[in-house]
Amino acid sequence: DTAVSQTPKYLVTQMGNDKSIKCEQNLGHDTMYWYKQDSKKFLKIMFSYNNKELIINETVPNRFSPKSPDKAHLNLHINSLELGDSAVYFCASSHVATSGNNEQFFGPGTRLTVL
Amino acid sequence: DQQVKQNSPSLSVQEGRISILNCDYTNSMFDYFLWYKKYPAEGPTFLISISSIKDKNEDGRFTVFLNKSAKHLSLHIVPSQPGDSAVYFCAASADGSGNTGKLIFGQGTTLQVKP
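This one's a predicted model, so the numbers in the text were calculated from it and none came from an experiment.

Draft legend 1. Summary view of the state of the cysteines. Residues and elements named next belong to chain A. Applying the stated criterion to the full structure yields 2 disulfides over all chains. Disulfide pairing is shown between Cys-23 and Cys-91; the S-S distance is 1.8 Å. Across the S-S bond of Cys-23 and Cys-91 the torsion is about -75°, and the bridge reads as left-handed. One end of the pair, Cys-23, is in strand E3 (residues 19-25); the other, Cys-91, is in strand E9 (residues 87-94), with 68 residues separating them in the sequence. Under the relative-accessibility criterion, Cys-23 is labelled buried at 2%.

Draft legend 2. Broad picture of the sheet that holds strand E1 (residues 4-7) of chain A. Residue and element names in this part refer to chain A. On the basis of which strands lie adjacent, the open sheet formed by 4 strands has the order E1-E3-E8-E7 and antiparallel pairing. Unpaired on one side and paired on the other, E1 and strand E7 (64-70) mark the two borders of the sheet. For this sheet, the mean inter-axis angle between neighbouring strands, taken without regard to orientation, is 20°. Across 4 bridges, the pairing between E3 and strand E8 (residues 73-78) is antiparallel. Note that in E8 the partner of Lys-19 across the bridge is Ile-78.

Draft legend 3. Up close: the pairing of E9 of chain A. Residues and elements named next belong to chain A. Most of E9 sits inside the fold, with 8 of its 8 residues counted as buried. Residue alternation in E9 divides its side chains into two sets, Ala-87, Tyr-89, Cys-91 and Ser-93 and Val-88, Phe-90, Ala-92 and Ser-94, and both sets are buried. Both strand E4 (residues 31-37) and E9 contribute to a ladder of 7 bridges, which runs antiparallel. Residue pairing across strands places Trp-34 opposite Cys-91, the latter belonging to E9. Both E9 and strand E11 (residues 110-114) contribute to a ladder of 3 bridges, which runs antiparallel. Bridging across to E11, Val-88 finds its partner in Arg-111. Pairing of E9 with strand E10 (residues 105-106), which is carried by 2 bridges, proceeds in the antiparallel orientation. Residue Ala-92 lies in a different strand from E10, and its bridge partner there is Phe-106.

Parameters and conventions
- Residues numbered from 1 in each chain as written.
- Chains lettered and ligands numbered in written order.
- Predicted model: local features only at pLDDT ≥ 70, side-chain atom pairs only at ≥ 80, totals over all residues.
- Heavy atoms only, no water.
- Disulfide = S-S within 2.5 Å.
- Helix = DSSP H or I, 4+ residues; strand = E, 2+ residues; numbered from the N terminus.
- Buried < 20%, exposed > 50% of the residue type's maximum accessible area, 1.4 Å probe, protein only.
- Pairing = 2+ DSSP bridges.
- Axes fitted to C-alpha atoms, helices over the stretch in contact; angles between N-to-C directions.

Right under this line is the structure:
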């Protein structure tokens, strides 16, 4: 029974296209996140939503737009894809949006390749 | 500017011996540190954490040590097992981030435990 799921697992697309990645969690958590793992392997926070409200918006191009229809879902839409967007994108969730012992549960990742 | 660094990209140890994974940070405002473990094609999973008011936390074979003056933490695995082979990420959070749940990750260390 998957806790945090992402679709698709792999996404190969051309430059300039628009694509979406979906994320769902069945843990009853209030907070969801999107991370990007680039070629240097760093996991960097992109966005965070708490009860459908945006609380973290790092310095991310506005071609990236998160959407949270309800607190169990956080989708990531990317417009006008560029080569540099190629990365693995991880969705995560946690019980509350607190600092400190904030155990986050991660999805399996979506490997995006832009050609 | 990377605030959390794992300077060893990889580590190889013999089964039964100790594995020591290191992590350095620059932001003195960090007050909680977490270790995550990641297998290929899966998302990171939480392993162990430590508050900045402690210098040691132990959970079974896993112990995390924190040296605040040196801004350094380490994860010890004793005894190491082949199933411990994975990528280990160090992460940090700070209350100063305003209850956003933001985690700053290092770039990971790949541990290989040889039978």
